[in-house]
Number of protein chains: 4
Amino acid sequence: MTDRAPRVAVCGAGVADPLLEAVAEEVGRGIARGGGVLICGGLGGVMAAAARGAAAAGGLTIGLLPGADPAAADPAIAVPLATGLGEARNVLVARTAGAVVAIGGEWGTLSEVAFAMKVGIPVVLLRPAALTAALPIPTAATPAEAVSWALERARRRA
Amino acid sequence: MTDRAPRVAVCGAGVADPLLEAVAEEVGRGIARGGGVLICGGLGGVMAAAARGAAAAGGLTIGLLPGADPAAADPAIAVPLATGLGEARNVLVARTAGAVVAIGGEWGTLSEVAFAMKVGIPVVLLRPAALTAALPIPTAATPAEAVSWALERARRRA
Amino acid sequence: MTDRAPRVAVCGAGVADPLLEAVAEEVGRGIARGGGVLICGGLGGVMAAAARGAAAAGGLTIGLLPGADPAAADPAIAVPLATGLGEARNVLVARTAGAVVAIGGEWGTLSEVAFAMKVGIPVVLLRPAALTAALPIPTAATPAEAVSWALERARRRA
Amino acid sequence: MTDRAPRVAVCGAGVADPLLEAVAEEVGRGIARGGGVLICGGLGGVMAAAARGAAAAGGLTIGLLPGADPAAADPAIAVPLATGLGEARNVLVARTAGAVVAIGGEWGTLSEVAFAMKVGIPVVLLRPAALTAALPIPTAATPAEAVSWALERARRRA
C-alpha cells in the first residue's frame, strides 16, 4: 500500500437511461469524496455521469478515449487521454484501475469486466443488466456500497 | 466478399480438459478443411488443440501471442505473432477474425467474446461454460455446426 | 481550446546521466509551474526526474507504465497507469500528450518522437543525442525554452 | 531455431514513388522466394508493392491494418488482420517480425525502425531517406542484399 490515491474505474454504456446515470453520478461523487481518482472511457452515458459526479466533488477524472481527439471527452473529464486504440482502450480502462465498478452491462462493459477478472482486478457490479447479472461477481446494493467496496480494494493496489 | 480465405478465431482456455481439447481439435480441422485460416492466442489448451487440428488438415494457423517471444507458441502454430501486448492481445484475437468460435468459457474467453460482440464480429459458442452459457449468443450443438456457422459468416468479412 | 490543463509528455531514457536528469527535473518543474500535467513512461532516469520536478512544484504526474504493476512506478508519479502493453505503451505516451519534450535520445525515445510526428503531436528536442540530433524537429536551447514551446502547443490540444 | 518460415516485415510509406515501389516489390519477391512470410502494414505504397512481389512469388502475405475493416487491405494481402489500433499497429508490424526491412523513411517508418531497435528486432535499411540515413543501422546496397540479411536473422527468431 502506498499513499497514492486509489484509482477506481467506472464502466458502463455510452448511452444510458437517466436512472443509471444518476447511479453513476453518485458513484463518481463517492469515489472523489473517498479520495479516489476516477478512470473511465471518457465519453457519454455512464462514463460522463460518473465523471460529473467526481468532478463536482473535487476529484480527479481521467478519460481513456478510443479516438485520437481529446476534445471528444466529456467536459467533466479533467485529463483526457486520447489513446487512438479504438475499442481496445477498454482493456486499459479495466487494467489501469485498482478496482472496477461496472454499472448496467452491455457488451463493452462486459468486455471490461471479463478482462479485469482475467487479470485480477477486483470488480463490483451495480444495477447489473442481463449480460452481467449471472456472473460470479459481487453485486452492490447501493452506490455507496459499491464505492466503499471498490475504494477498499483499490487502496491495496494504489 | 473477396476470394480471400475466411479467418476464424478459436477462443478458449490455455489449460483445458481433454474433452474440450478434442472438440477444439475438431473445430480446427473443420476450419482448415473449409478453406479457412485459424487465428488463436497461440498458447496451450483449446488454442493448441485447435491449431493441431487445423495444421493436421493442412490449414494455416496464426497465433497472436501475449508475450514477445515467438518460441512460446505451440508447435502447431505456423505463424507466431508475438505481440508483446500481454493479455490485451485478446482483443486482437477477437477483432482480426471474421468470426469467432468460443469453446468452454473462462474469463479470458469471455473477454474475447464480449469484445467481438461489441465490435460486431459474429460469435458462436460451443460447449459453453458457466460464464458464457446464458449469453444471448448462438450455441452450436457440434463442432461441425460451429465451423459451418463461423465459416459462412467469416466469408462475408474475408 | 478548453480550460483543461495542457498535457505535456517528457520522453527520455530510463537510465540517464545526472546532467540529463537535472535537465528533465527542470522541465518537469516548468511544466507544473505553467499549469501543465506531466505524462511520462513512469519509470526511472529522465522519466523519474521529470516527475520529481513536476511533483515538487505541485503538478499532476501521470505515468504510463509498460508492465501491469502500478507499484513499479517512480514514487513521484501520482497516477500510475499500468498498461500491461509492454514497450508498446511508448505510443500512448506520445499520443496522449498535447506536446512532447524529448530529452536525450535513445531508441525508445526515438520511437516516441517518430510516432508523435507521424500522428501530428508537436515535439521539441532538448539535449538531443546522436539518434535524434539530425531530425527536422525544433531543438530548445534550455529547459525553460522547451517548456514554453511545449506548453503553448499543448494548450491548443488540451 | 525452428522449422517455421521466417517472418520478415517490410516497412515504408503508404504513398511512395515508383522507384521505391519497384524496390519494395523486389524485396517482397525475395522474401517469398527465400521461404519467408511477409508482414507489413497492409495498405498502399511500399506495403502494397512488397505484398505484390511476395504474392506473385507464391509467398504468404500478412497485413496488420490500422483500421477495423479488412477490406481496406491491398489485394495482394492474403491475410488482412484489421487491428483497429490505429497507427499504434506500427509497433506490431515491427515486433511480430523476426527482422525488418525499412525502405525509404518517413515518420511512420522511423517509428517502426526505432521501436524494432528498442525491442531487439534486427533492422536493415534500403534506400534510406533523410530521417533514417544517419541511423547506426546497416544499409543494404540492393534488394537482394536486404532480403538475404533479413532472412538470415529472421530464421533465428522464427
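Residues numbered from 1 in each chain as written. Chains lettered and ligands numbered in written order. Predicted model: local features only at pLDDT ≥ 70, side-chain atom pairs only at ≥ 80, totals over all residues. Heavy atoms only, no water.

(A) Geometry of the relation of the copies chain B and chain A. The transform that puts chain B on chain A rotates by 180° and translates by 0.0 Å along the axis, for an RMSD of 0.0 Å. Look at the turn and shift together and you get a two-fold axis relating the two. No C-alpha of chain B lies nearer the rotation axis than that of B:Ser111, which sits 2.3 Å from it. Most of the interface of chain B is mirrored in chain A: 100% of its interface residues are interface residues there too. (Least-squares fit on C-alpha atoms with pLDDT ≥ 70 in both. Contact = heavy atoms within 4.5 Å.)

(B) Representation of the interface of chain C and chain A in the model. Taken together, the contact pairs 25 residues of chain C with 25 residues of chain A. Roughly 2,000 Å² is buried in total at the junction of chain C and chain A, and carbon and sulfur atoms are behind 64% of that figure. Of all residues in chain C, C:Arg4, C:Leu81 and C:Arg95 give up the largest surface area on contact with chain A, accounting jointly for 27% of the area buried on that side. One can count eight residue pairs in polar contact (both at pLDDT 80 or more) joining chain C with chain A. Listed by contribution, the elements that provide at least two residues to the side of chain C that touches chain A are strand E2 (37-40), strand E4 (79-82) and helix H3 (89-95) of chain C. Of the residues that constitute the side of chain C that touches chain A, the class distribution is 17 nonpolar, three polar and five charged. (Buried area = accessible area lost by both parts, 1.4 Å probe. Polar contact = N/O pair within 3.5 Å; in protein donor to acceptor, adjacent residues only side chain to side chain. Helix = DSSP H or I, 4+ residues; strand = E, 2+ residues; numbered from the N terminus. Nonpolar A, V, L, I, M, F, W, Y, C, P; charged D, E, K, R; others polar.)

(C) Focus on the state of the cysteines. Residue and element names in this part refer to chain A. One pass over the full model with this rule turns up zero disulfides over all chains. Counting only cysteine sulfurs, Cys40 is the nearest neighbor of Cys11, a cysteine outside any disulfide, at a range of 8.7 Å. For Cys40, a relative accessible area of 0% corresponds to the buried category. (Disulfide = S-S within 2.5 Å. Buried < 20%, exposed > 50% of the residue type's maximum accessible area, 1.4 Å probe, protein only.)

(D) The packing of helix H1 (residues 18-33) of chain B against helix H5 (residues 143-155) of chain B, seen in detail. All names here are of chain B. Viewed as axis vectors pointing N to C, H1 and H5 meet at an angle of 40°, and their least axial separation amounts to 9 Å. In terms of orientation, H1 lies oblique with respect to H5. Relative to H5, the crossing made by H1 is right-handed. In this structure, H1 uses Val23, Glu26, Val27, Gly30 and Ile31 to contact H5, whose residues at the interface are Pro143, Val147 and Leu151. Across the contact of H1 with H5, the residue classes tally to six nonpolar, one polar and one charged. (Axes fitted to C-alpha atoms, helices over the stretch in contact; angles between N-to-C directions. Parallel < 35°, antiparallel > 145°, perpendicular 65-115°, else oblique. Left-handed = near helix turned anticlockwise from the far one by under 90°.)

(E) Broad picture of the confidence of the model for chain A. In this model, chain A carries a mean pLDDT of 97, and residues with pLDDT of at least 70 account for 99%. Confidence metrics for the complex model read pTM 0.97 and ipTM 0.97. (pLDDT = per-residue confidence, 0-100.)

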